[in-house]
Amino acid sequence: MRIQEFDALTADEMQIFVDRSMGKPNGQLGSLQAKLGVLESRYEMSTDTMLSRFRSGQLRETAEIARWLVLAQARGE
Amino acid sequence: MKPLRSLAGSCLLKPVVSDPKDRHAPARWCTYKERHSTAMKGLLDDQIIQEDAIDFDYVEGAGGKFVYDGQVTVCGRLVLSVTKVIAIFDATTEKGNPVVQTKSYSYNLRIPGLGSVFRYCSPHPSKLGHEMKSDPDGQHHAFHHRHEFDPWGADEARFEGTVNYSPERQNWPLLDAIIREAAEWYREHEAAVLAAVPEASLHFPERE
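Everything quoted here is computed from the prediction, not taken from an experiment.

Rules used throughout
- Residue positions are given per chain, counted from 1 along the sequence in the order it is written.
- Ligands are numbered from 1 and chains lettered from A, in the order in which they are written.
- Local features in a predicted model are, by the rule used here, given only for residues with pLDDT of at least 70; side-chain atom pairs are given and counted only at 80 or more, and totals for whole chains, interfaces and linings are based on all residues.
- A run of DSSP states H or I qualifies as a helix once it reaches four residues; a run of E qualifies as a strand once it reaches two. Both are numbered from the N-terminal end.
- Exposure criterion: with C-beta atoms placed from backbone coordinates, a residue whose C-beta has 20 or more other C-beta atoms within 10 Å is buried, one with 12 or fewer is exposed, and one in between is partly exposed.
- A helix is expected to reach a length of 1.5 Å times the quantity of its residues less one.
- Regarding the arc, it is the one traced by the directions from the helix axis to the C-beta atoms.
- Two residues form a contact once the distance between their C-beta atoms, set from the backbone, is within 7 Å.
- For this analysis, nonpolar core means a set of buried Ala, Val, Leu, Ile, Met, Phe, Trp, Tyr and Cys residues linked through C-beta atoms within 7 Å.
- Between the N-to-C directions of two axes lies an angle of 0 to 180 degrees, each axis being a line fitted to C-alpha atoms and, for a helix, fitted only over the stretch in contact.
- A clockwise turn of the near helix away from the far one marks a right-handed crossing, whereas an anticlockwise turn of less than a right angle marks a left-handed crossing.
- Classification used: nonpolar for Ala, Val, Leu, Ile, Met, Phe, Trp, Tyr, Cys and Pro, charged for Asp, Glu, Lys and Arg, polar for all others including Gly.
- Oblique is the label for any angle not under 35 degrees, not over 145, and not in the 65 to 115 range, which are roughly parallel, roughly antiparallel and roughly perpendicular in turn.

J.: Could you clarify how one ought to interpret the overall build of chain A in this entry?
T.: Looking only at helices and strands, one finds four helices and zero strands in chain A. Along chain A, helices and strands appear, N-terminal first, in the series α-α-α-α. Counting all 77 residues of chain A, 29% fall into the buried class.

J.: Please explain unusual backbone geometry as it appears in this structure.
T.: Excluding glycine, residues mostly carry a negative phi; peptide bonds, for their part, are mostly trans. Residue and element names in this part refer to chain B. One non-glycine residue, Gln47, adopts positive backbone phi at about 60°. For Gln47, the position within the fold is in the loop between helix H1 (29-45) and strand S3 (49-58). Residue class for Gln47 comes out exposed when judged on the 10 C-beta atoms lying within 10 Å of it.

J.: Would you explain helix H1 (residues 11-22) of chain A in this entry?
T.: Because each turn of an α-helix spans 3.6 residues, side chains separated by three or four positions in sequence point in the same direction. The terminal C-alpha atoms of H1 of chain A, which comprises 12 residues, lie 16 Å apart, in line with the 16 Å expected from a rise of 1.5 Å per residue. Residues of H1 of chain A that are buried include every one of Phe17, Val18 and Ser21 of chain A, and no others. Each buried residue of H1 of chain A lies within a common arc of 95° when the element is viewed along its axis, so the set occupies one face. Residues of H1 of chain A that are exposed and point over 90 degrees away from its buried face: Asp12 and Glu13 of chain A. In this structure, the buried residues of H1 of chain A make contact with S3, strand S4 (65-74) and strand S5 (78-90) of chain B.

J.: In this structure, what is going on with the nonpolar core? I would like to understand it.
T.: In a soluble, globular protein the nonpolar side chains are often hidden away together inside. One finds Val74, Leu78, Leu80, Ile179 and Ala182 of chain B to be the most contacted residues of the largest nonpolar core, which totals 53 residues. Per-element accounting of this core gives the leading share, nine residues, to helix H4 (residues 63-75) of chain A. Beyond its immediate chain neighbours, meaning those up to four positions away, Leu78 of chain B contacts Leu109, Ile111, Ala182 and Tyr186 of chain B.

J.: For this particular structure, what's the right way to read the packing of helix H3 (residues 47-55) of chain A against H4 of chain A?
T.: When two helices pack together, their arrangement is given by the angle between their axes and by how far apart the axes lie. Residue and element names in this part refer to chain A. At a minimum axis distance of 11 Å, the contact between H3 and H4 shows a crossing angle of 115°. The handedness of the crossing between H3 and H4 comes out as left-handed. Here H3 contributes Thr47, Met50, Leu51 and Phe54 to the contact with H4, which in turn contributes Ile65, Trp68, Leu69 and Ala72. Across the contact of H3 with H4, the residue classes tally to seven nonpolar, one polar and no charged.

J.: Looking at this model, I keep getting lost on helix H2 (residues 31-43) of chain A. Mind explaining?
T.: Given a rise of 1.5 Å per residue, 13 residues ought to cover 18 Å, and the 19 Å separating the end C-alpha atoms of H2 of chain A matches this to within 8%. Glu44 of chain A sits one or two residues past H2 of chain A and shows a positive phi near 55°.

J.: Whenever I open this one, the interface of chain B and chain A confuses me. Can you help?
T.: Note on interface size: it is often stated as the accessible area lost on association of the parts. Each side of the interface is counted separately: chain B has 45 residues, and chain A has 42 residues. Within the residue set of the side of chain B that touches chain A, elements represented by two or more residues are H1, S3, S4, S5, strand S6 (99-111) and strand S7 (115-121) of chain B. Sort the elements by how many residues they give to the side of chain B that touches chain A and S6 of chain B lands first, with six residues. Partitioning the side of chain B that touches chain A into residue classes produces 16 nonpolar, 16 polar and 13 charged.

J.: It is not clear to me how the packing of H2 of chain A against H4 of chain A should be interpreted in this structure. Could you clarify?
T.: All names here are of chain A. Close contact between H2 and H4 brings their axes to 10 Å; oriented N to C, the two are set at 140°. Put simply, H2 runs oblique to H4. Handedness of the H2/H4 crossing: left-handed. Residues Leu32, Lys35, Leu36 and Leu39 of H2 touch H4, and the partners they reach there are Trp68, Leu71, Ala74 and Arg75.

Pasting the structure below:
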């Protein structure tokens, strides 16, 4: 969903996003998981492995790794 | 405003944020969104950006997080990749209008097919990271930092670049200031960029 589309949302509609995001972890991270999955497939490693390798200095901070780190934080890292 | 700490071999980052008020402080979602929309509209009106393709996502069951992820065409030839996580601090007091704040981000400017120009990042979950000549101890990972690359340089300057960092969050620019910085960089390097990217045909092929 493009950010521009938000102007048309009512408070009730926005609250649905808030409620879903504020809910307890349910293993359904939706499109975020899909984005992480694309990166995991491309690099042939899990997000956890990427984080471990990054922390140990085995993985260089590239543009894509930097994006992956941010998305991993969205997941709850 | 304190100057950014400069590491060996790196240039001193020009201060971009001049507003003494903390524009990074938590804000109501409507305010946050309005600031973003107004800034992006101004950039479109000024013809600094041509395509704003940033998506919004909420992260289900993640304790209150929104995600902005996408790309913006700058000056018709450059691409700024934008990824940021927005944390919800208080969702109880106003329906559909929680208090939010940017938690982490990465803004990477690149010349498609050539390489990155600069990248702003929030702190990473590591103090060590990969060794860099301009920061052999990996100190920058603990702070807001800015990488700078030379797209036409030798391998080290092109791919590793140099890094500046600052413990002062307030020193770090907002997205619209970064886009204007990208446009300024473009104006200074227009001839070289046009030679590298002769056609304005950016359809973000480098991301799925």
